[in-house]
Amino acid sequence: MKKILIVDDEQDIVESLKFVLEAADYICYCAYNGEDGLKLAKDIMPDLIILDVMMPKINGYKISRLLKYDKKYKNIPILMITARSQKEDKLIGEETGADEYITKPFDLDEVVNTVKKYLG
Amino acid sequence: MGKILFISNRLEKIQHYAKIFDKKPYEFFTSSDEGAIFEITEINNPDIIIFDHAFVNVKQIIKKLKSVTTSSSFVFLTQNTVIENDIIKYINAFLTEEMSDELVLSTIAVNLKTKNMLERLSDTNKNLADSLYRLNVLYSTSSQFAGSLDKGKLINYMVEGLDKSLSFDLTCTLCTEDEPVLILNSLYEISDELLSAIKLRTVLNYKSLFEDKNPPFEIDIENLKVIKTVKYPANRFTFTIFQYDNMFAPISLGDNFFGCIEIFKEAPFTSDDATCFQTIAQQVSLPLKSATLYQEIMETNLKLEKLERLKSEFISIVSHELRTPLTAIKNSLDIISSERCGTINESGQKFLSMAQRNVQRLAGIINDLLDLSKIEAGKMEYHFTNMNIHSVIDYVKSTLFGVAKEKGLNLIAEETLNLPEIYADAQRLEQVLTNLVSNAIKFTPEGKNIIIRSHLAKAEQLNAPDCFKDDLKKLNGEYIVVCVEDEGIGIAEKDLLRAFDKFAQIENSLSRKVGGSGLGLPIAKQLLEAHSGAIWCDSELNKGSKFYFALPVNAVTSNLEKSLILN
């Protein structure tokens, strides 16, 4: 079974994602801040990461860049969740390496379909 | 009255002339001593000096006297009629020994008259020159006034103008704007004692302007700020300054009071000086008023800019903060409605879909708000490409066909084939057309038609209700026009323009039932303006509406050129 890492400081959103992805037969790991997310990513080597942009300490863009510039992790697909805030808009111009962007509020089915596109 | 000095040592001639000039209003005196001539001339300042040809060294004396006196007229008593060349240029008139008394008298009288007239002319000339100078000062001062909106500079210009035209010893200007300041421009240094006396005097002057009323500013003499400029700090003024001639004027315009000014000068002021002083003090009031208004406008502008920025930031933050909880609600509703947590009965399903529909609506409003705040902040990003309008119409038709069908409506596209390409942002145009078609779907009752048309038109062929005429006037050249026609409730003519106003969704029961942020059309208008296009509508109440938008065809090249120039 494929492993998915969900990193978001909003627990409710993590839970709903976890629910539908587990229903689609994926194993989900969850982290509620950027630091834990980065550590977990290195520990478990997930097959895909769902990453929120706005998080305290280490934001999603930073995590994405750190992983994508590392040979060991650069092939892990990253789905970035964004709220389209002005702050994020400024950052989005920079190279983040994310494979997909999902705008809040998103459709759960759409997320599952996108995950399936990468993991089958 | 004329003073006549006769330089001679012939007694009989002196007596003769004394007799002639005794009768008329002449003052006659003589000098027979070569050494005393200069002193007598200096003291008595004669109008006419008559030189006797028989006087010793007379020619040298004439030359010497001419170089020291300019106000006397020289007359030469000659022996023969041959005029002597070496003194002719110093002499105004000649007398001869043989002349009758009447002729002598009339020669002198004419000479005196000429001299007086010349003097008067020179006085008038001097006055004219003075007036001209003063006018020039006033002119340059008033052009300086007109060129500045800085209050400090305006006061400086006023004092400069006064200095040039009146050459004062001291001016005391009290400015009551913001914090009261006493500006002193002085020829000599002012001692501390004199300064306190001047302060007191100025404040009393100031209070006297308002008689029984309270002055607009309370001035605390102890803490009154003083700005002092001294021309010659080595010298000092004493209290005698208060015995100098002085003038005082308020600096005010209508109800606006800016301050007052007092001016001191040792020599007395003339009435011309007073006019000049009043003029300058009055002239400075108008630019001071403009400066005050300018300052107010600048402050208001800064506040508005800040508010505008805050508003944009606020909307951006709010939309972000709203999105996250909205996502959690939407996800939970979706999971429940998928019945993965258990089955839901029919009425439960009904309310669940009501909640889902409203979450969707809220998300739409947040997106619109964010779009509008981006457009207004100039942060909207456009991705212009050469594109075909058919693809936009196809896309919108296919995405909304289902929605229309569900409501029992017919969505039809009647396009003109082979329209030229345009340079535009396809996604934004899809947004505009989606909005127009969604509105049509919202406002059209079951069983009716919605038609999307497209055609090519010249700017002058375009037609719109009067309220949009100004928008169409800006257009020039060839345009692709897209029209969304419905058979819905329509819009009253007076409400047409308001349809494109922010939050101005026209009040009626149906529009409230169908909902929406009311921002779709204002956003569409802004997006079209970014494309150098236009949007307008034509409608008849209860018959239906036609919404048009026009996109320039020639922008394919002009926009490309623009981006080339920018790069």
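So, how was this worked out
- Residues numbered from 1 in each chain as written.
- Chains lettered and ligands numbered in written order.
- Predicted model: local features only at pLDDT ≥ 70, side-chain atom pairs only at ≥ 80, totals over all residues.
- Heavy atoms only, no water.
- Axes fitted to C-alpha atoms, helices over the stretch in contact; angles between N-to-C directions.
- Helix = DSSP H or I, 4+ residues; strand = E, 2+ residues; numbered from the N terminus.
- Parallel < 35°, antiparallel > 145°, perpendicular 65-115°, else oblique.
- Contact = heavy atoms within 4.5 Å.
- Nonpolar A, V, L, I, M, F, W, Y, C, P; charged D, E, K, R; others polar.
- Left-handed = near helix turned anticlockwise from the far one by under 90°.
- Buried area = accessible area lost by both parts, 1.4 Å probe.
- Salt bridge = Lys/Arg side-chain N within 4 Å of Asp/Glu carboxyl O.
- Polar contact = N/O pair within 3.5 Å; in protein donor to acceptor, adjacent residues only side chain to side chain.
- Patch = residues over 30% accessible without salt bridge, like charges linked within 9 Å, V, L, I, M, F, W, Y side chains within 5 Å.
- Areas by Shrake-Rupley, 256 points an atom, 1.4 Å probe, with all protein chains shown as cover.
- Buried < 20%, exposed > 50% of the residue type's maximum accessible area, 1.4 Å probe, protein only.
- Pairing = 2+ DSSP bridges.
- Phe/Tyr/Trp six-rings, centres within 6.5 Å; stacked < 30°, edge-to-face > 60°.
- Core = buried A, V, L, I, M, F, W, Y, C linked by side-chain atoms within 4.5 Å.
- Disulfide = S-S within 2.5 Å.
- pLDDT = per-residue confidence, 0-100.

### Details of the packing of helix α7 (residues 271-283) of chain B against helix α8 (residues 285-337) of chain B
Residue and element names in this part refer to chain B.
Piece 1. Between α7 and α8, whose axes approach to 4 Å, the crossing angle comes to 10°. Classed by the angle they form, the pair α7 and α8 counts as roughly parallel. Note on element contacts: α8 touches α7 through Ser285, Leu286 and Pro287, opposite Ala281, Gln282 and Gln283.
Piece 2. Looking at the contact of α7 with α8 residue by residue, the classes come out as 3 nonpolar, 3 polar and no charged.

### A few points about the packing of helix α5 (residues 151-166) of chain B against α7 of chain B
For any two helices packed against each other, the geometry is given by the interaxial angle and the distance between the axes.
Residue and element names in this part refer to chain B.
Piece 1. Across the interface, α5 lies against α7 with an axial gap of 10 Å and an inter-helix angle of 165°. With respect to α7, the element α5 is oriented roughly antiparallel. α5 and α7 meet at a crossing whose hand is right-handed. When α5 is examined against α7, the residues Met158, Gly161, Leu162, Ser165 and Leu166 are found in contact with a partner set consisting of Asp273, Cys276, Phe277 and Ile280.
Piece 2. Class assignment for the residues of the contact of α5 with α7 results in 6 nonpolar, 2 polar and 1 charged.

### Structural notes on the interface of chain A and chain B
Piece 1. Opposite the 20 residues of chain A that make contact, chain B presents 20 residues.
Piece 2. Both faces considered, chain A and chain B share a buried interface measuring about 1,900 Å² in area, 58% of it formed by carbon and sulfur atoms.
Piece 3. We note a salt bridge from Lys330 of chain B to Asp107 of chain A, for which the minimum N-O separation is 3.1 Å.
Piece 4. Linking chain A with chain B are 4 residue pairs in polar contact (both at pLDDT 80 or more), by the criterion used here.
Piece 5. Sorting the residues of the side of chain A that touches chain B by element identifies α1 (11-23), α4 (86-92) and α5 (108-119) of chain A as the ones contributing at least two each.
Piece 6. Counting residues per element, the side of chain A that touches chain B draws most heavily on α1 of chain A, at 5 residues.
Piece 7. Within the side of chain A that touches chain B, the residues separate by chemical class into 8 nonpolar, 4 polar and 8 charged.

### Regarding a nonpolar patch on the surface
All names here are of chain B.
Piece 1. A cluster of nonpolar side chains, namely Leu149, Tyr294 and Met298, defines an oily patch on the protein surface of about 270 Å² accessible area.
Piece 2. Residue position: Met298 is located in helix α8.
Piece 3. Residue Met298 is classed as partly exposed on the basis of its relative accessible area, which comes to 40%.

### So, the environment of Thr279 of chain B
All names here are of chain B.
Piece 1. Considering the arrangement of structural elements, one finds Thr279 in helix α7.
Piece 2. When its relative accessible area of 25% is taken as the criterion, Thr279 is described as partly exposed.
Piece 3. Residues Thr279 and Leu138 lie 141 residues apart in sequence; the distance between their C-alpha atoms is 8.3 Å.

### Points about the sheet that holds strand β15 (residues 478-486) of chain B
All names here are of chain B.
Piece 1. The strand order β12-β14-β15-β17-β16 describes an open sheet built from 5 strands, whose pairing is mixed. Taken across any chain shown, the strands that pair with only one partner, and hence form the sheet edges, are β12 (410-415) and β16 (534-540). Averaged over all adjacent pairs, the angle separating strand axes in this sheet is 20°, with direction ignored.
Piece 2. Strand direction decides the pairing type here: β12 and strand β14 (residues 449-458), joined by 6 bridges, are parallel. Considered in β14, the bridge of Leu411 is made with Ile450.

### Overview of the packing of aromatic side chains
Residues and elements named next belong to chain B.
Piece 1. All told, the structure shown has 20 aromatic pairs over all chains when counted by the stated rule.
Piece 2. Pairing Tyr206 with Phe257 gives two aromatic rings, centres 5.7 Å apart and planes at 45°, and the pair type is tilted. Taken together, the positions of Tyr206 in helix α6 (residues 192-208) and Phe257 in strand β10 (residues 256-265) put the pair 51 residues apart, joining distant regions of the chain.
Piece 3. In this structure Phe257 comes out as buried when scored by relative accessible area, which is 14%.

### Brief notes about the pattern of salt bridges
Piece 1. Applying the stated rule across the entire model yields 24 salt bridges over all chains.
Piece 2. Across the salt bridge formed by Lys68 of chain A and Asp99 of chain A, the nearest N and O atoms sit 3.0 Å from each other. One end of the pair, Lys68 of chain A, is in helix α3 (residues 60-68); the other, Asp99 of chain A, is in the loop between α4 and β5 (100-103), and 31 residues separate them in sequence.
Piece 3. One salt bridge connects Glu529 of chain B with Lys525 of chain B, and the closest N-O pair in it is separated by 3.7 Å. Of this pair, Glu529 of chain B and Lys525 of chain B both sit in helix α14 (residues 520-530), 4 residues apart, which is roughly one turn of that helix.
Piece 4. Overall, Glu529 of chain B belongs to the partly exposed group, its relative accessible area being 45%.
Piece 5. Among the ionic contacts, a cluster of salt bridges with common partners joins Arg10, Lys13, Asp52 and Glu97 of chain B.

### Remarks on the pairing of strand β1 (residues 2-7) of chain B
Residue and element names in this part refer to chain B.
Piece 1. Most of β1 is tucked away, with 5 of its 6 residues classed as buried.
Piece 2. Pairing analysis gives 6 bridges linking β1 to strand β2 (residues 26-31), with the strands arranged parallel. The partner of Phe6 across the bridge, within β2, is Thr30.
Piece 3. Where β1 lies against strand β3 (residues 48-52), 4 bridges are found, and the strand directions are parallel. If you follow Phe6 over to β3, its bridge partner there is Ile50.

### Some points on the sheet that holds strand β3 (residues 48-52) of chain A
Residue and element names in this part refer to chain A.
Piece 1. Taken in spatial order, the 5 strands make up an open sheet running β2-β1-β3-β4-β5, and their pairing is parallel. Since the sheet does not close on itself, it has two edges, and those belong to β2 (27-31) and β5, each with one partner. Between one strand axis and the next, the sheet turns through 20° on average, direction left out of account.
Piece 2. Inspection of the sheet shows strand β1 (residues 3-7) paired to β2 by 5 bridges, in the parallel sense.

### Observations concerning the nonpolar core
All names here are of chain B.
Piece 1. Of all hydrophobic cores here, the largest spans 57 residues; its most connected members are Ile389, Leu433, Val437, Trp536 and Phe549.
Piece 2. Considering each element in turn, this core owes the most residues, 7 residues, to helix α11 (residues 426-443).
Piece 3. Non-local contacts of Val437, meaning those with residues more than four positions away in its chain, are made with Val396, Leu400, Leu411, Ile452 and Val484.
Piece 4. Within the second largest apolar cluster, 27 residues are counted, among which are Ile155, Leu162, Ile263 and Ala291.

### Description of the state of the cysteines
Residues and elements named next belong to chain B.
Piece 1. Inspection of the entire model under this criterion finds 0 disulfides over all chains.
Piece 2. The thiol of Cys172 is not disulfide-bonded; the next cysteine sulfur, from Cys260, is found 9.5 Å away.
Piece 3. Taking the relative accessible area as the measure of exposure, Cys172 reaches 2% and is therefore buried.

### Overview of the side chain of Thr202 of chain B
Piece 1. Tracing the backbone through its elements, the reader meets Thr202 of chain B in helix α6.
Piece 2. Aside from chain neighbours lying at most four places away, what touches Thr202 of chain B is Cys172, Leu174 and Leu182 of chain B.

### A look at the confidence of the model for chain B
All names here are of chain B.
Piece 1. A residue-level look at chain B finds 94% of positions with pLDDT of 70 or above and a mean pLDDT of 85.
Piece 2. Confidence, expressed as mean pLDDT per element, reaches its minimum in chain B at helix α13 (residues 509-514) with 45 and its maximum at β15 with 94.
Piece 3. In the predicted structure, residues 508-513 sits below a pLDDT of 50 and forms 7 contacts with residues beyond four places in sequence or in another chain.
Piece 4. Taken together, the chains of this predicted complex give a pTM of 0.53 and an interface ipTM of 0.79.

### A short note on unusual backbone geometry
Piece 1. Across the junction of Lys104 of chain A and Pro105 of chain A, the peptide omega takes the value -5°, indicating a cis bond.
Piece 2. You can see Pro105 of chain A is positioned in the loop between β5 and α5.
Piece 3. With phi around 70°, Asn542 of chain B is a residue other than glycine that occupies positive phi space.
Piece 4. Assignment of secondary structure puts Asn542 of chain B in the loop between β16 and β17 (544-552).

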